Amino acid sequence: MSETTTTAEAPALIERRGHVMVITLNRPRARNAVNAEMCVRVGDALEEAENDADIRVVVLTGAGDKAFCAGADLKALARGESVIPEGREKWGLAGYVSHAISKPTIAAVNGPALGGGTELVLASDLAVAADTATFGLPEVTRGLIAGAGGAFRLANALPRTVAMELLLTGDPITARQALEFHLINRVVPAESVLDTALELAERIAANAPLAVQAHKRIALQQNADGSRPAEVTGWAMTDGELPAIAHSQDAQEGPRAFAEKRAPIWQGK
């Protein structure tokens, strides 16, 4: 029997199912967009999983059937609110994208995962997707950049020409295409996503936990403290590019044009 440790109104629900922790992004009316409270709850849950020897695998999924995650909450940003609270910056979007833990993580992608949603998938070790899921980094169509690790992780996960086309056009791909590109591990009917992810998690959890964790560290070149030297340059370049892009006129025009349902007029400044 699973043990629910949060209330249904929380922006992220945390459950324990045997040796598996299930984290559910729980803002279905907002397409599970990330706000500050979600960032705290997910980040704290990952810390709990990391420090609890009884938890061997973490599964991340979304509530409802409209989306896995729509990325950062643009309405919160428009109000001047930060979606990553002060003091939690090192964990990144949703308290997840740069929050490396030793336990394997699986994304159970229950619907569209564009922008930040794709970045959550790229931050996971494995992914199971609904046949209704889509993936992509459409930031360039809004005058923005994929600042939560997406730009360099997508290029590392896919053949260079494929990654470049997706990054430069902003076009999405289907779950089947993502499977063909080996971006994800499984495609299943939407109603089977979580069960399939849990079956995979339980298969992993049945193995010797220290050996599993060692394999993860070796494969990802991840140090015992969670740092990943191979990603240092990617994060540094992302952080270096973000300020200029975020304060550009194009970055203001993109969301405005989207809200006004018109084509953006780019100024290149």
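An unreviewed UniProt entry lists the protein chain under the name Crotonase/enoyl-CoA hydratase family protein, with Nocardia jiangxiensis given as the organism. In its Function (unreviewed entry) section, the UniProt entry covering the protein chain states "Could possibly oxidize fatty acids using specific components." UniProt, in the comment section headed Sequence similarities (unreviewed entry), describes the protein chain in these words: "Belongs to the enoyl-CoA hydratase/isomerase family."

A.B. asks: Could you clarify how one ought to interpret the overall build of the protein chain in this entry?
C.D. replies: Helix and strand content of the protein chain: 10 helices and 10 strands. Scaling as 2.2 N^0.38, a compact globule of 269 residues should have a C-alpha radius of gyration of about 18 Å, and the protein chain matches this with 18 Å. Principal-axis analysis of the C-alpha atoms places the extent of the protein chain at approximately 55 × 40 × 40 Å. Expressed as a percentage of the 269 residues in the protein chain, the buried residues total 47%. Here the analysis covers contacts within the protein chain between residues at least 6 apart in sequence; of these, 65% occur between residues at least 24 apart.

A.B. asks: What is the right way to look at the nonpolar core in this model?
C.D. replies: As a rule of thumb, nonpolar side chains are buried together in soluble globular proteins. Counting 51 residues, the largest nonpolar core has Ile23, Phe68, Val109, Leu120, Val121, Phe135 and Leu154 as its most contacted members. Here this core gets 5 residues from one element, more than from any other, and that element is helix α1 (residues 36-51). Those residues in contact with Leu120, other than ones at most four positions away along the chain, are Leu25, Leu60, Phe68, Cys69, Leu93, Ala94, Tyr96 and Val97. Counting 17 residues, the second-largest nonpolar core is a separate cluster that includes Ile106, Val193, Ala201 and Ala205.

A.B. asks: I would appreciate a short explanation of unusual backbone geometry in the present structure.
C.D. replies: For residues besides glycine, phi is generally negative; the peptide bonds are generally trans as well. For Ala94, which is not a glycine, the phi torsion comes out positive at approximately 60°. Summarising the element assignment, Ala94 is placed in the loop between α2 (74-78) and β5 (105-109). Residue Ala94 is classed as buried on the basis of its relative accessible area, which comes to 1%. Of note, the phi angle at Lys261 is positive, near 55°, even though the residue is not glycine. Turning to its location among the elements, Lys261 is positioned in the segment after α10 (249-259). With relative accessibility at 79%, the residue Lys261 sits in the exposed group.

A.B. asks: Got a minute to help me understand the sheet that holds strand β8 (residues 134-136) in this structure?
C.D. replies: Pairing between the strands of a sheet is mediated by backbone hydrogen bonds and can be parallel or antiparallel. Spatially, β6-β8-β9 is the arrangement adopted by the 3 strands of the open sheet, whose pairing is mixed. Where the open sheet ends on each side, the last strands, each with one partner, are β6 (113-114) and β9 (173-174). Of the strand pairs in this sheet, β8 and β9 are connected by 2 bridges, and their pairing is antiparallel. Bridge pairing in β9 places Thr134 opposite Thr174.

A.B. asks: Would you explain the pairing of strand β7 (residues 126-130) in this entry?
C.D. replies: Side-chain positions along a regular strand alternate between the two faces of the sheet. Across the 5 residues of β7, 4 count as buried, placing the element largely inside the fold. Pairing of β5 with β7 involves 4 bridges; the strand directions are parallel. Along β7, the bridge assignment pairs Val109 with Ala129. Across 3 bridges, β7 lies against strand β10 (residues 186-188) in parallel orientation. Counted as the bridge partner of Val128 is Arg186 from β10.

A.B. asks: Explanation requested: α10 in the structure shown.
C.D. replies: Given 3.6 residues per turn, any residue in an α-helix points the same way as the ones three and four places further on. Listed in full, the buried residues belonging to α10 are Asp250, Ala251, Glu253, Gly254 and Ala257. The buried residues of α10 occupy one face: seen down the axis, they fall within an arc of 165°. The elements touched by buried residues of α10 are α9 (232-246). One or two residues past the end of α10 sits Lys261, with phi positive at roughly 55°.

A.B. asks: Where do I start with the packing of aromatic side chains in this structure?
C.D. replies: Remark: the centre distance and the inter-plane angle together describe each pair of aromatic rings, the angle taken between the planes. Using the criterion set out here, one finds 1 aromatic pair in the structure. Considering the side-chain rings of Phe152 and Trp235, the 5.2 Å spacing of their centres and the 80° angle between planes classify their relative orientation as edge-to-face. A residue pair is termed long-range when its members are at least 10 positions apart, and Phe152 in helix α4 (residues 150-157) and Trp235 in helix α9 qualify at 83 residues. The buried category is assigned to Phe152, whose relative accessible area is 13%.

How each quantity is defined
Residues numbered from 1 in each chain as written. Predicted model: local features only at pLDDT ≥ 70, side-chain atom pairs only at ≥ 80, totals over all residues. Heavy atoms only, no water. UniProt positions renumbered as here; feature names shortened; annotations may be inferred. Helix = DSSP H or I, 4+ residues; strand = E, 2+ residues; numbered from the N terminus. Rg over C-alpha atoms; globule rule 2.2 N^0.38 Å. Buried < 20%, exposed > 50% of the residue type's maximum accessible area, 1.4 Å probe, protein only. Contact = heavy atoms within 4.5 Å. Core = buried A, V, L, I, M, F, W, Y, C linked by side-chain atoms within 4.5 Å. Pairing = 2+ DSSP bridges. Arc of directions from axis to C-beta. Phe/Tyr/Trp six-rings, centres within 6.5 Å; stacked < 30°, edge-to-face > 60°.

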